[in-house]
Amino acid sequence: MNTPENLLYTNDHEWILVEGNTGTIGITDFAQSQLGDIVFVDIDPSLSEVTSGGNFGTIEAVKTISELYSPCSGKVVAVNEALSSGAEVINSDPYGEGWLIKIELTNSDELKELLTPAAYKELTGE
Amino acid sequence: MKQTTLYKSHQKHGAKLVEFAGFAMPIQYESIIAEHKAVRNSVGIFDVSHMGEVFIRGEKALDFVQHITVNDASKLFDGRVQYSAMCYEDGGIVDDLLVYKISDTEYMLVINASNIDKDVEWMNSNNNFGVTISNESDEYSLIAVQGPESRNLIEKLFMTGFPMEYYHFTYAEFQGREMIVSRTGYTGELGYEIYFKGNEDFANSLWDAIFEAGKELGVKPAGLGCRDSLRLEMGYCLYGNDIDAGTNPLEAGLGWITKLGKESFIGKDAILRSRQQGLGRKLTPLIADSRVFPRHGYDVMCGEEKAGVVTSGTLSPMLDKGIALAYVDSKFLDGEHQLSFSIRNTAVPARIVKLPFIQK
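Residues numbered from 1 in each chain as written. Chains lettered and ligands numbered in written order. Predicted model: local features only at pLDDT ≥ 70, side-chain atom pairs only at ≥ 80, totals over all residues. Heavy atoms only, no water.

(A) Focus on the interface of chain A and chain B. Listed as interface residues are 14 residues of chain A and, on the opposing side, 13 residues of chain B. Counting the surface lost from both chain A and chain B, the interface buries some 1,200 Å², and carbon and sulfur atoms represent 49% of this. Arg344 of chain B is paired through a salt bridge with Glu60 of chain A; the nearest N and O atoms lie 3.4 Å apart. Summed over the shared surface of chain A and chain B, the result is 9 residue pairs in polar contact (both at pLDDT 80 or more). The set of elements that each furnish at least two residues to the side of chain A that touches chain B consists of α1 (29-35), β4 (38-42) and β6 (55-61) of chain A. Taken together, the residues of the side of chain A that touches chain B break down into 5 nonpolar, 5 polar and 4 charged. (Contact = heavy atoms within 4.5 Å. Buried area = accessible area lost by both parts, 1.4 Å probe. Salt bridge = Lys/Arg side-chain N within 4 Å of Asp/Glu carboxyl O. Polar contact = N/O pair within 3.5 Å; in protein donor to acceptor, adjacent residues only side chain to side chain. Helix = DSSP H or I, 4+ residues; strand = E, 2+ residues; numbered from the N terminus. Nonpolar A, V, L, I, M, F, W, Y, C, P; charged D, E, K, R; others polar.)

(B) Region of interest: the pattern of salt bridges. Residue and element names in this part refer to chain B. In this structure the tally under the stated criterion is 28 salt bridges over all chains. A salt bridge links Glu233 to Arg40, with the nearest nitrogen and oxygen atoms 3.0 Å apart. Of the two residues, Glu233 sits in helix α7 (residues 224-234) while Arg40 sits in helix α2 (residues 32-41), which places them 193 residues apart along the sequence. Exposure class is identical for Glu233 and Arg40. Each is buried. Via salt bridges that share partners, Arg57, Glu106, Glu136, Glu139 and Lys197 belong to a single interconnected network. (Buried < 20%, exposed > 50% of the residue type's maximum accessible area, 1.4 Å probe, protein only.)

(C) Broad picture of the domain arrangement of chain B. Residue and element names in this part refer to chain B. Here the domain parsing of chain B yields domain 1 (7-48 + 138-232) and domain 2 (280-360). The centre of domain 1, based on its C-alpha atoms, is set 31 Å off from the matching centre of domain 2. In total, about 800 Å² of surface goes out of reach between domain 1 and domain 2, with carbon and sulfur atoms giving 68% of it. The tally of links between domain 1 and domain 2 comes to 0 salt bridges. For the pair domain 1 and domain 2, the interface holds 1 residue pair in polar contact (both at pLDDT 80 or more). (Domains from an automatic or database assignment.)

(D) Looking closely at the side chain of Ser141 of chain B. Residue and element names in this part refer to chain B. Along the chain, the position of Ser141 falls in strand β9 (residues 140-146). Note on Ser141: relative accessible area 3%, which makes it buried. Side chain to side chain, Ser141 and Thr5 meet in a polar contact 2.7 Å long. When neighbours within four sequence positions are excluded, Ser141 is seen to be in contact with Thr5, Ser49, Ile194, Tyr195 and Phe196.

(E) Region of interest: the pairing of β9 of chain B. Residue and element names in this part refer to chain B. Across the 7 residues that make up β9, a large majority, 7, are buried. Of the two faces of β9, both are covered, the one formed by Tyr140, Leu142, Ala144 and Gln146 as well as the one formed by Ser141, Ile143 and Val145. Looking at chain direction, strand β3 (residues 44-47) and β9 are connected through 4 bridges and run antiparallel. Its bridge partner lying in β9, Ile45 is registered against Val145. With 7 bridges joining them, β9 and strand β12 (residues 191-197) adopt antiparallel strand pairing. Across the sheet, Ser141 pairs through a bridge with Phe196, a residue of β12. (Pairing = 2+ DSSP bridges.)

(F) The arrangement of the state of the cysteines in detail. In the structure shown here, the tally under the stated rule is 0 disulfides over all chains. As a non-bridged cysteine, Cys87 of chain B has Cys237 of chain B as the owner of its nearest cysteine sulfur, 12 Å distant. (Disulfide = S-S within 2.5 Å.)

Below, the structure is given as structure tokens:
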């Protein structure tokens, strides 16, 4: 599994890329591989705010439906609209084109609670 | 967890294994959708060794098979296969199965993996015919080769012509061992199923040989995930989802295999009664004209009223639309009612269609 060094992770298999005060959020390579063929992402397009550990949508694969949880609190500045017609990109590029939402962080202290790449690798048994 | 003889091949191909009917089975290798399309467009190979094989032997083998199954096995000749079902006295379904006529005194019944113990017990408790009921499920492996290129693959593998008709079987040899090859499958495509006894080494070298023969044809290993979406595009029933002890063959749309003109068989009286009373519900093929994923257990609605429940559903990889089999209350089936899938509290319009969902 691919676990990029520049990201932080959650126990629920989301990642966040922090650039300045902006966080880009997605699901990990491990998560997409466990889910298998992803067919839908359901995120309310009018979503304005997320909280740390809060549910912000669902992701649906052929086999199962799974909830999405935000790693951090923040104001939602973008939702990846390309996913509504091509969610399978999460399988092929979970850390790139397959990103889910971008937020403006409202409490950067929360980042300390997240898993480092090493800790996440340990969680997924690598 | 039990392993099939092909476990090593699954590991080699990077299968994702899940527990199914007590076996570690490949649900997918690379992608359910990619494997589904490979079977529709070229050829896929499945390990379905978890299926059960029970041999009925004896002078009265036909009488026994006639007694416990709903279809008319007297129509079979050596080398012919028939889709059938076993019912309880109350008409509920014990299992659906394939009946292979090997000879006048020998039949092979192919049953669902999760029902093997229950089925064999049922057969034994109804053996008033002095037949031998031999459960050889653990000795037999089963590989399904399915897809429009399957005939080319099979002919290359066995270096002989296979002009076999649908639901017929013959024998072929691999490494000196005789195997049953039938033109059957659960995908709706041209396809073959190969039944064989043999250890791991034999099974894996056969698998490798099939792969080698199919290389230029674009063969892919295919898992149980796509087997389910393939059968559903055809509208084939899955035991445990669409049929079980609480459903009778007529409401399941299996009237075509239920030969009520046959002298007697277990469940006949109850099935006749239910036909006279009128069926309260029917297994109904429904399609949404949008890209949705109806799932097992979702409600079928007519306005605010619940009209039925989805027993199998998927986002059809070929149609890119939601398709489902659902038990729908008969009063909603007069063509006057607009039905919908209730998908996480959203009503998605659904139309009743004729099977199969895809044009074959």
